[in-house]
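Spelled out, the chains give:
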Amino acid sequence: MTSTFLRDAMIDRLGQARTDANPGPFPRDGLVRNIHGDFTPMMCGGISALLLQMLHPLALAGIWDHSRFREDMIGRLRRTSDFIATTSFGTFEQAETVIARVRRVHEYVKGHAADGRPYAADDPDLLVWVHVAEMSRFMAGHLRYRNPQLSHTDQDRYFFETACIAEALGARNVPDSRAAIETYLTRERRELVCDERTREVIRVLLDAPPRNLVLRPAGAIFMRAGIDLLPDWANDMLDLQMSRLQRRAVRTGIKSAMPMISKAVRSGAYRRALERLQQ
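The structure contained in this document is the topic of the report that follows. (Residues numbered from 1 in each chain as written. Predicted model: local features only at pLDDT ≥ 70, side-chain atom pairs only at ≥ 80, totals over all residues. Heavy atoms only, no water.)

**Comments concerning the packing of helix α5 (residues 69-89) against helix α10 (residues 196-207)**
In the contact formed by α5 and α10, the axes pass within 9 Å of each other and the chain directions differ by 65°. In terms of crossing hand, the pair formed by α5 and α10 is right-handed. Contact residues: Phe-69, Arg-70, Met-73 and Leu-77 in α5; Glu-200, Val-201, Val-204 and Leu-205 in α10. The class makeup of the residues in the contact of α5 with α10 is six nonpolar, no polar and two charged. (Axes fitted to C-alpha atoms, helices over the stretch in contact; angles between N-to-C directions. Helix = DSSP H or I, 4+ residues; strand = E, 2+ residues; numbered from the N terminus. Left-handed = near helix turned anticlockwise from the far one by under 90°. Contact = heavy atoms within 4.5 Å. Nonpolar A, V, L, I, M, F, W, Y, C, P; charged D, E, K, R; others polar.)

**Comments concerning the packing of aromatic side chains**
When we look at a pair of aromatic rings, we describe it by the centre distance and by the angle of the planes. In total, this model carries four aromatic pairs according to the counting rule given. Where Phe-39 meets Phe-222, the ring centres are 6.4 Å apart and the plane angle is 80°; that geometry is what we call edge-to-face. Within this pair, whereas Phe-39 is found in helix α3 (residues 39-53), its partner Phe-222 is found in helix α11 (residues 216-228), the two being separated by 183 residues in sequence. Both residues of the pair, Phe-39 and Phe-222, belong to the buried class. Summarising the aromatic geometry, the rings of Tyr-158 and Phe-159 are spaced 5.5 Å apart at their centres and angled 65° between planes, so their arrangement reads as edge-to-face. With relative accessibility at 0%, the residue Tyr-158 sits in the buried group. (Phe/Tyr/Trp six-rings, centres within 6.5 Å; stacked < 30°, edge-to-face > 60°. Buried < 20%, exposed > 50% of the residue type's maximum accessible area, 1.4 Å probe, protein only.)

**As for the pattern of salt bridges**
One pass over the full model with this rule turns up 17 salt bridges. The shortest N-O distance in the salt bridge between Asp-232 and Arg-247 comes to 4.0 Å. Of this pair, Asp-232 sits in helix α12 (residues 232-238) while Arg-247 is found in helix α13 (residues 244-266), placing the two residues 15 residues apart along the sequence. Judged by its relative accessible area of 54%, Asp-232 falls in the exposed class. Look at Arg-247 and you get buried, because its relative accessible area is 14%. (Salt bridge = Lys/Arg side-chain N within 4 Å of Asp/Glu carboxyl O.)

Right, dumping it as C-alpha cells:
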C-alpha cells in the first residue's frame, strides 16, 4: 500500500490534501512548479545547496561514510534532482513512493562523525538542515537568474508550501518563511565546520564533470555560479571567496548561456522526466 507521509504532512500544514482535480502535491501552474521546472537556476542552486550542506559535520559524515561521492558526485546531484522533480511534478502516488524510498534508505545511514557525535540521516533536526540548505539556495538561484522581483509574499509562500516535503521525510519545526529561514541559518552557523573532510568533498564536487556532453563546457561556470549563490559567511568558511569582477563574469556567463542550456536539456533526461511526470 502506498504510504501517506506526504498527504498527512499536507493535511497538517494546509488543512487538506490537494483535490483530485490536481492530483499532485503542488498546483500545475503554481509557484513551486514554476521555480522547480527552471533548469539553470535549479542547477546552480542545487550545487550551492550541496556546498552549504557540507558545512554541517553530521550531514558531511553521512556523505563521507555512506556514499561513493569520489566516484559518483554527479550521480548524487542527479538523485537529488530526481527527488525534487518527482515530489514537485509527480502525482501523490509517485511522490509518496519516492519519499517512502528515501525514508527507508535513511534508516541505515547512521554512524559517528569525526568529532565522535552520533548521527542519523532520519534525525529530524538534520533533515531540517538539508531541507533549508536546498530550498534557500533554490530560491537564491531563482531570484538571481529568473525573477529578482518575486515578491516577499510569494517567497514566503514557496517556503511554506515546500516545508511539507521535509515534514513528510520526518523533519519537525521546519522554517517556513524568509524570516524564519534567515533566523535558522544565523542560529546554525555556530554548528558549522570546515575541515579537511569538508574540503575533500568540495574538491570532488568542483572537479566533477557533467555527464551530459553538451553541458560539459558549462560545467565550470555552473560550479562558480553555485559558489556565488552562497551566503558570504559560507564562502569565507569554505575559502571560496570571489571578487566582484569574478561574480559579475559568472552571472553574465550564466545568463548568456541560459538559452543554449535550455535547448540542450529540452530533449535530455531532466526534461523528459518532467514531461513524463506531468502526463
